[in-house]
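Chain and residue survey
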Amino acid sequence: MKALADKSQVDVSLAVESLEKKIYQLKVDTFKNLTRWQRIQVSRHPDRPYFLDYIQYMTEDFIELHGDRVSGDDKAIVGGLGNIKGKTYLLIGQQKGRNTKERQHRNFGMANPSGYRKAIRLMKWAEKFGKPVVTLIDTPGAFPGIEAEEKGQAEAIAQGMFTMLQLRVPILCVVIGEGASGGAIAIGVGDRVLMMENTWYSVISPESCSSILWRSWKFKEQAAEMLQPTAEDMKKNGLIDEIIKEPIGGAHRNPREAAHLLSQSIVKEIQDLEKKGPQERIEQRMQKFRSLGHYEEKIHPKKVSSNTKSPKAQ
């Protein structure tokens, strides 16, 4: 209609305005009612902002810090100092890559043990100098290769969780894309855990869950419904604290606005956490993760008379 108006000099501004309002409302309704699998697909959109994109939009002067001082400098995990609205933070996150060459360089955002050990080193450095820690989670999981297991993948992830539980500075964790398995929880133990609106967080991806239960990826949508991995599900089940809204259509539609919303949440949450003392934060952090989940413990004590002989004696 706009093109037609330009050619014919006919005023259709009212009709265009009406259609634009309908289009906007349609977008709102569509993205408000996405299925869990559709939400996961949005989180994997190739144009969705990654860690370094948010760093570019949010920080004034980011200084990357390299290496774990043991075996190498894993490129899947990036960490460094960044200034957000006048305050310096230690920012750590996974980086996936845009093209084939960059994805190979970043190992598709799947870290090896050296990546988690680098994160641990940087967190301890932040504690030493009193800098709040912010982690931005976006990974399909820890690297599953044999060499990663040989170099202590499970131990590195466990050490990351152990370190974060005891860190004396405020810790904020935000899922900005995919939050899968140990690769996510290794940098996901914080005083506050947030998720952006179109993200997911789970012990396993729907595809892998489907392949285990049904020996096929065909049931990935059904697996997604069973796993309940979306931000709304996580909030309802008490596994995260807050959801950060995204621009209509997802963060990839307006990365700059998405980064603005993310930075606002970071500043607000850290300001709230800094009102508490280090020991209070640690105790509440530990209690937070100890209280996750529901279980029942039933003990049926056996009544043994004093005259009953032990099986060995019999």
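The coordinates are above.
Residues numbered from 1 in each chain as written. Predicted model: local features only at pLDDT ≥ 70, side-chain atom pairs only at ≥ 80, totals over all residues. Heavy atoms only, no water.

1. What to know about the overall build of the protein
Each helix and strand counted, the protein has 14 helices and 8 strands in total. Its C-alpha atoms put the protein at 105 × 45 × 40 Å along the principal axes. Going through the 314 residues of the protein one by one, you find that 45% of them count as buried. In the protein, 69% of the contacts between residues at least 6 apart in sequence involve partners at least 24 apart. As displayed, the protein has an accessible area near 17,500 Å², and 53% of this comes from carbon and sulfur atoms. Once the 48 positive and 39 negative side-chain charges of the protein are each reduced to a mean point, those two points are 4 Å apart. (Helix = DSSP H or I, 4+ residues; strand = E, 2+ residues; numbered from the N terminus. Buried < 20%, exposed > 50% of the residue type's maximum accessible area, 1.4 Å probe, protein only. Contact = heavy atoms within 4.5 Å. Areas by Shrake-Rupley, 256 points an atom, 1.4 Å probe, with all protein chains shown as cover. Lys, Arg positive; Asp, Glu negative; His and termini not counted. Charge placed at Lys NZ, Arg CZ, Asp CG, Glu CD.)

2. Remarks on the packing of helix α8 (residues 153-166) against helix α14 (residues 278-290)
Contact pair α8 / α14: the axes reach a minimum separation of 8 Å and the direction vectors enclose 135 degrees. Relative to α14, the element α8 is oriented oblique. Seen from α8, the contacting residues are Met164, Leu165 and Gln166; seen from α14, they are Ile282, Arg285 and Met286. By residue class, the composition of the contact of α8 with α14 is 4 nonpolar, 1 polar and 1 charged. (Axes fitted to C-alpha atoms, helices over the stretch in contact; angles between N-to-C directions. Parallel < 35°, antiparallel > 145°, perpendicular 65-115°, else oblique. Nonpolar A, V, L, I, M, F, W, Y, C, P; charged D, E, K, R; others polar.)

3. So, the environment of Ile185
Assignment of secondary structure puts Ile185 in helix α9 (residues 181-185). Between the C-alpha atoms of Ile185 and Tyr201, which are 16 residues apart in sequence, the distance is 9.4 Å. Ignoring any residue separated from it by four or fewer positions in sequence, one finds Ile185 in contact with Ile157, Met161 and Tyr201.

4. Focus: a nonpolar patch on the surface
A cluster of nonpolar side chains, Met1, Leu19 and Ile23, forms an exposed patch at the surface whose accessible area comes to about 280 Å². On the secondary structure map, Ile23 appears in helix α2 (residues 13-32). (Patch = residues over 30% accessible without salt bridge, like charges linked within 9 Å, V, L, I, M, F, W, Y side chains within 5 Å. Salt bridge = Lys/Arg side-chain N within 4 Å of Asp/Glu carboxyl O.)

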